[in-house]
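Structural characterization, general
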Amino acid sequence: QSTPFDPVKSSLAFFISELLYKLLREEHPNPQLFEFLSNALIALDVLDEGVYNFHLYLMVQLTKYLGLHPTLLDEGTPAFFDLKSGHFTPIEPKHPLYMNRHLSRCFEQLYSIPLASLASVHMSRSERQEFIKKMLEFYSIHFGGSIELKSLSVVHELFD
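Reading the values: rules and limits
Residues numbered from 1 in each chain as written. Predicted model: local features only at pLDDT ≥ 70, side-chain atom pairs only at ≥ 80, totals over all residues. Heavy atoms only, no water. 1 Å grid on protein atoms, 1.4 Å probe; cavity = no way out; pocket = protein on both sides within 12 Å on 5 of 7 lines; lining within 4 Å. Points joined across faces, edges and corners; volume = space filled by probe spheres on them. Nonpolar A, V, L, I, M, F, W, Y, C, P; charged D, E, K, R; others polar. Helix = DSSP H or I, 4+ residues; strand = E, 2+ residues; numbered from the N terminus. Buried < 20%, exposed > 50% of the residue type's maximum accessible area, 1.4 Å probe, protein only. Expected span 1.5 Å × (residues − 1). Contact = heavy atoms within 4.5 Å. Phe/Tyr/Trp six-rings, centres within 6.5 Å; stacked < 30°, edge-to-face > 60°. Core = buried A, V, L, I, M, F, W, Y, C linked by side-chain atoms within 4.5 Å.

1. What about the layout of surface pockets?
In this structure, the largest pocket occupies an estimated 260 Å³ of space. Lining the largest pocket are 14 residues, and of these Glu75, Gly76, Arg105, Glu108 and Gln109 lie nearest its centre. When its residues are assigned to classes, the lining of the largest pocket shows five nonpolar, four polar and five charged.

Structure follows, in structure tokens:
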């Protein structure tokens, strides 16, 4: 109802469709993934608060359906999300492919919170951009090949 007429929501929908095109290589029906995506896009249409975190939420939630979901550490344990291993670690990795502590905490929040709580995840514009970059690196590592999205520049412009 609102997505086609809202430039932010329609741009996010375009970004999500390009991301899914690059990531999904399903040969068999996947009803759980379909239900998740269908419900998420319906939720985007009615979402008022936290729209600016929706695409980040979707990128993180997709890990559950693509077999890449990380093991979370105990709540309150400072951690880094290691992009290579796909797991959280309390020790800073020796390679550059990881999220800093703040982005790792945001990942944990986006992984655990309900969709209605997206506004509770606080990130600056530059942190969102870095988060997207790291998530695309994560997916590139685990899907073999660079994942570049043309719609990413549009999303960045919208949130400037």
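2. Some thoughts on the environment of proline 96
Counting through the fold element by element, proline 96 comes out in the loop between β2 (87-89) and β3 (98-99). Assessed through its relative accessible area of 63%, proline 96 is described here as exposed. A sequence separation of 14 residues divides proline 96 from aspartate 82, and the C-alpha atoms of the two residues are 9.0 Å apart.

3. Brief notes about helix α2 (residues 31-46)
Helix length check: α2, at 16 residues, gives a terminal C-alpha distance of 23 Å against a target of 22 Å (1.5 Å per residue), a fit within 8%. Residues Leu33, Phe36, Leu37, Ala40, Ala43, Leu44 and Asp45 constitute the buried set of α2. Elements that come into contact with the buried residues of α2 comprise α1 (7-23) and α3 (51-65).

4. Here's the deal with the packing of aromatic side chains
Counting across every chain of the model gives 10 aromatic pairs. When the centroid spacing of 5.5 Å and the interplanar angle of 70 degrees are considered together, the rings of phenylalanine 88 and phenylalanine 107 count as edge-to-face. One end of the pair, phenylalanine 88, is in strand β2; the other, phenylalanine 107, is in helix α4 (residues 101-112), with 19 residues separating them in the sequence. Here the two residues phenylalanine 88 and phenylalanine 107 agree in accessibility, since each one is buried. Seen in terms of ring centroids, phenylalanine 107 and phenylalanine 131 are 6.4 Å apart; in terms of plane orientation they differ by 45 degrees. Their pairing is tilted. One end of the pair, phenylalanine 107, is in helix α4; the other, phenylalanine 131, is in helix α5 (residues 125-143), with 24 residues separating them in the sequence. Here phenylalanine 107 matches phenylalanine 131 in class, with each residue buried.

5. Description of the nonpolar core
Within the largest apolar cluster, 48 residues are counted, with the highest numbers of intra-cluster contacts made by Phe54, Leu62, Phe107, Phe131, Met135 and Tyr139. Those elements that place two or more of their residues in this core are α1, α2, α3, α4, α5 and α6 (152-158). No other element matches α3, which puts eight residues into this core. Residues in contact with phenylalanine 107, not counting those within four places in the same chain, are Val60, Thr63, Pro70, Phe81, Phe88, Met99, Phe131 and Met135.

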